[in-house]
Amino acid sequence: MIETELKLHIAAGHLAVLRRHPFLRALSVAPARTVKLYSVYYDTAELKLRRHGMALRLRRIGTRWVQTLKGGGQVSAGLHQRNEWEMPVAAEQLDFDALARSGGVLPRGVRRHLQPVFVTDFSRSIRLLDFEGARIELGLDSGEIRAGRSLFPISEVELELKSGEPMQLFRLALALLDLVPLRVEHTSKAEYGYRLFAAGNPAPVKGSFPVLHRGQHPAAALQAMMVACLAQVQANVPGALLELDEEYLHQVRVGLRRLRVVLAIARRVHDDAEATALREQVARLCTDLGRAREWDVFVSQTLRTVAARLPDDSGIRALLQASERKRKQLHAATVDSLDSPDFQRMLLRFGAWLQSAQWQEPGIPLQRFARRILQKQQRKVLAQGAALQANPAQLHALRVACKKLRYSVEMFASLFAAAGGKAYLAKLSAVQDDLGALHDIAIADQLLAELDGRQRRDTLEFVRGWIGHEYAGRVAKFARGWRRLARADAFWD
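Treat the numbers as computed from the prediction; the structure is a model and nothing was measured.

## Describing the overall build of the protein
Line of reasoning, step 1. When you go through the protein residue by residue, the secondary structure sums to 15 helices and 9 strands.
Line of reasoning, step 2. Scored against the burial criterion, the 493 residues of the protein give a buried share of 51%.
Line of reasoning, step 3. A total of about 23400 Å² of accessible surface is found on the protein, and carbon and sulfur atoms cover 50% of it.

## Regarding unusual backbone geometry
Line of reasoning, step 1. Even without a glycine there, the phi angle at Leu47 is positive, about 60°.
Line of reasoning, step 2. For Leu47, the position within the fold is in the loop between strand S2 (33-43) and helix H3 (48-51).
Line of reasoning, step 3. Using a relative accessible area of 8% as the deciding quantity, one classes Leu47 as buried.
Line of reasoning, step 4. At Glu132, a position not held by glycine, the phi torsion is positive, near 55°.

## Section: the side chain of Thr302
Line of reasoning, step 1. Counting through the fold element by element, Thr302 comes out in helix H9 (residues 273-309).
Line of reasoning, step 2. Look at Thr302 and you get buried, because its relative accessible area is 13%.
Line of reasoning, step 3. Setting aside residues no more than four positions away along its own chain, Thr302 makes contact with Val297, Ala444 and Ile467.

## Digging into the environment of Leu382
Line of reasoning, step 1. Secondary-structure assignment places Leu382 in helix H12 (residues 366-386).
Line of reasoning, step 2. Expressed as a C-alpha distance, the spacing of Leu382 and Ala486, which sit 104 residues apart in the sequence, is 6.7 Å.
Line of reasoning, step 3. In contact with Leu382, other than residues within four places in its own chain, are Trp482 and Ala486.

## Topic: the packing of aromatic side chains
Line of reasoning, step 1. Going through the model one piece at a time under the given rule, you end up with 11 aromatic pairs.
Line of reasoning, step 2. Seen from their ring centres, Phe350 and Trp353 are 6.5 Å apart, and the 75° between their planes marks the pair as edge-to-face. Separated by 3 residues within a single helix, Phe350 and Trp353 lie in helix H11 (residues 341-356), roughly one turn from each other. In terms of burial, Phe350 and Trp353 fall into one category: buried.
Line of reasoning, step 3. Ring centres of Phe416 and Phe491 lie 5.8 Å apart, and the angle between their planes is 85°; on these two criteria the pair is classed as edge-to-face. In this pair, Phe416 sits in the loop between helix H13 (392-412) and helix H14 (418-450) while Phe491 sits in the segment after helix H15 (457-487), placing the two residues 75 residues apart along the sequence.

## What to know about the nonpolar core
Line of reasoning, step 1. In this structure, Val157, Leu159 and Phe412 are the most contacted members of the largest nonpolar core, which totals 121 residues.
Line of reasoning, step 2. Contacts of Val157, omitting those with residues within four sequence positions, involve Leu6, Lys7, Leu8, Ile10, Leu15, Leu18, Leu138, Gly139, Leu140, Leu176 and Leu182.
Line of reasoning, step 3. In this structure, Val40, Leu49, Leu56 and Leu94 belong to the second largest nonpolar core, which totals 18 residues.

## Some words on empty space enclosed by the protein
Line of reasoning, step 1. Taken as a whole and assessed by the stated rule, the structure comprises 1 cavity of 30 Å³ or more.
Line of reasoning, step 2. Roughly 30 Å³ of volume is contained in the largest cavity.
Line of reasoning, step 3. Lining the largest cavity, in full, are Glu294, Val297, Phe298, Asp440, Ile443, Ala444 and Leu447.
Line of reasoning, step 4. Contributions of two or more residues to the lining of the largest cavity are made by H9 and H14.
Line of reasoning, step 5. Split by residue class, the lining of the largest cavity holds 5 nonpolar, no polar and 2 charged.

## Describing the packing of helix H5 (residues 166-177) against H11
Line of reasoning, step 1. Interhelical geometry of H5 versus H11 gives an angle of 160° and a closest axis separation of 8 Å. Compared by their axis directions, H5 and H11 come out roughly antiparallel. Between H5 and H11 the crossing geometry is left-handed. Counting all contacts with H5, which are made through Pro166, Met167, Phe170, Ala173, Leu174 and Leu177, the residues of H11 involved are Pro341, Gln344, Arg345, Leu348, Arg349, Gly351, Ala352, Gln355 and Ser356.
Line of reasoning, step 2. Residue composition of the contact of H5 with H11, grouped by class: 9 nonpolar, 4 polar and 2 charged.

## As for helix H6 (residues 189-198)
Line of reasoning, step 1. Those residues of H6 that sit buried are Lys189, Ala190, Tyr192, Gly193, Tyr194 and Leu196.
Line of reasoning, step 2. Ala199 occupies a position one or two residues after H6 and carries a positive phi of about 50°.

## Topic: a positive patch on the surface
Line of reasoning, step 1. Taken together, the side chains of Arg260, Arg268, Arg368, Arg372, Lys376, Arg379, Lys380 and Lys404 present a region of like positive charge at the surface.
Line of reasoning, step 2. Looking at the positive patch element by element, the count peaks at 5 residues for H12.

## Structural notes on the pairing of strand S6 (residues 115-131)
Line of reasoning, step 1. Counting buried positions along S6 yields 12 of 17 residues, so the element is predominantly enclosed.
Line of reasoning, step 2. With 11 bridges connecting them, S2 and S6 associate as antiparallel partners. By the bridge assignment, Thr34 is partnered in S6 with Ser125.
Line of reasoning, step 3. Note that S6 and strand S7 (residues 134-147) share 13 bridges and pair antiparallel. Bridge pairing links Ser125 to Leu140 in S7.

## Details of the pairing of strand S8 (residues 150-163)
Line of reasoning, step 1. One ladder, built from 13 bridges, connects S7 with S8; its direction is antiparallel. Note that in S8 the partner of Glu144 across the bridge is Pro153.
Line of reasoning, step 2. What sits between the antiparallel neighbours S7 and S8 is a turn of 2 residues, in which Gly148 has the positive phi angle 65°.

Calculation criteria
- Residues numbered from 1 in each chain as written.
- Predicted model: local features only at pLDDT ≥ 70, side-chain atom pairs only at ≥ 80, totals over all residues.
- Heavy atoms only, no water.
- Helix = DSSP H or I, 4+ residues; strand = E, 2+ residues; numbered from the N terminus.
- Buried < 20%, exposed > 50% of the residue type's maximum accessible area, 1.4 Å probe, protein only.
- Areas by Shrake-Rupley, 256 points an atom, 1.4 Å probe, with all protein chains shown as cover.
- Contact = heavy atoms within 4.5 Å.
- Phe/Tyr/Trp six-rings, centres within 6.5 Å; stacked < 30°, edge-to-face > 60°.
- Core = buried A, V, L, I, M, F, W, Y, C linked by side-chain atoms within 4.5 Å.
- 1 Å grid on protein atoms, 1.4 Å probe; cavity = no way out; pocket = protein on both sides within 12 Å on 5 of 7 lines; lining within 4 Å.
- Points joined across faces, edges and corners; volume = space filled by probe spheres on them.
- Nonpolar A, V, L, I, M, F, W, Y, C, P; charged D, E, K, R; others polar.
- Axes fitted to C-alpha atoms, helices over the stretch in contact; angles between N-to-C directions.
- Parallel < 35°, antiparallel > 145°, perpendicular 65-115°, else oblique.
- Left-handed = near helix turned anticlockwise from the far one by under 90°.
- Patch = residues over 30% accessible without salt bridge, like charges linked within 9 Å, V, L, I, M, F, W, Y side chains within 5 Å.
- Salt bridge = Lys/Arg side-chain N within 4 Å of Asp/Glu carboxyl O.
- Lys, Arg positive; Asp, Glu negative; His and termini not counted.
- Charge placed at Lys NZ, Arg CZ, Asp CG, Glu CD.
- Pairing = 2+ DSSP bridges.

Quick look at the structure:
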């Protein structure tokens, strides 16, 4: 069967508030009950099941043992959909015959090497709710995950769809968000357990667009791309909030920029008031996160380079310190934005919209749809490049057009010959990188104006001279790359 559930993280104190809230009692179709769930997860020492996207567990519920294999599926805005094979077993022992009878299949060669790798031990308060005609089981989970001596706390709301539409899970979650702070949970309990077992920290996640097939409908392809973008954003937000590595925040930015391009293309297929509101919110987030990135680049690539060349210059050191303070302020504001209820509300609204929207197909095959998108965006790039006079405003406009074309190429490249797409993308990426460097230099000059002061005037003029020299060199490099791109064959023709 297919299991459809939405997971939400909640602080322990807010979990107690939600458990007693009259809103839940008003929706309940039966009294709440509490069960103790003790589960042992099995895998090989090398975690081969995990690498196949599978999880195998034995769970004790009261005096009964249940064996479950989960595999496949996807996560979108916290909505977990996956195949599940579940069966009763006689004792705390894996029963491979029962698994086979249920239809569950393990990867070849793992049975003899399976071992317990971690345990989840938590209490679940369960209510069956009637919400807008849908039957939804709400579970309030509190406990811990154990792998050896390592522990990870569990405090989670789980909404499982029993009947109705997945969109209604998101609508219920939005109603709960009005009662207590919640965070859409991209990571399953099992994934947290695997991390404990492996004793490793999660790494920043680079996104990728799904492989498309010519028989797909354009609407389905665009929805799959949005799911991929949202997954990239959600996977990196926890690391960005903890400020573990600047790469987490960068990958959040990349995921949002990609999402913004997909949303713009999707207007050809489906547009409504909710789509407009979501596009606007993503655009504002991109602007806010882009502002923080500008100061990151200014400090790390411009001022630190100058300071390394002139380590004894007190004016440069003072300018660097002032810039670091500004950078930290913007980082704090960015973290607050990603940690806000508004951001969580946006993710839930995206989930509801993706599940509920009635998309009209454009009436043409996906490959032809993709070709039209790529042709139109290439024409914009070539037209802006032909009229270019190398001033910062025009270069920035060309950079934005190149970025849209690059993301579109990455979206649709799997529909065309791989070699042609790879070669074109390399030329386009080189030009975009040069335009990005020119943009960073131009922005650096604007940021210097924000730091202006009489006591720093000589230092500021020195740095402006430095970046002016860099700008001239980059323009020459960009011109060479642009000529190669302008002559490149359109691989989609």
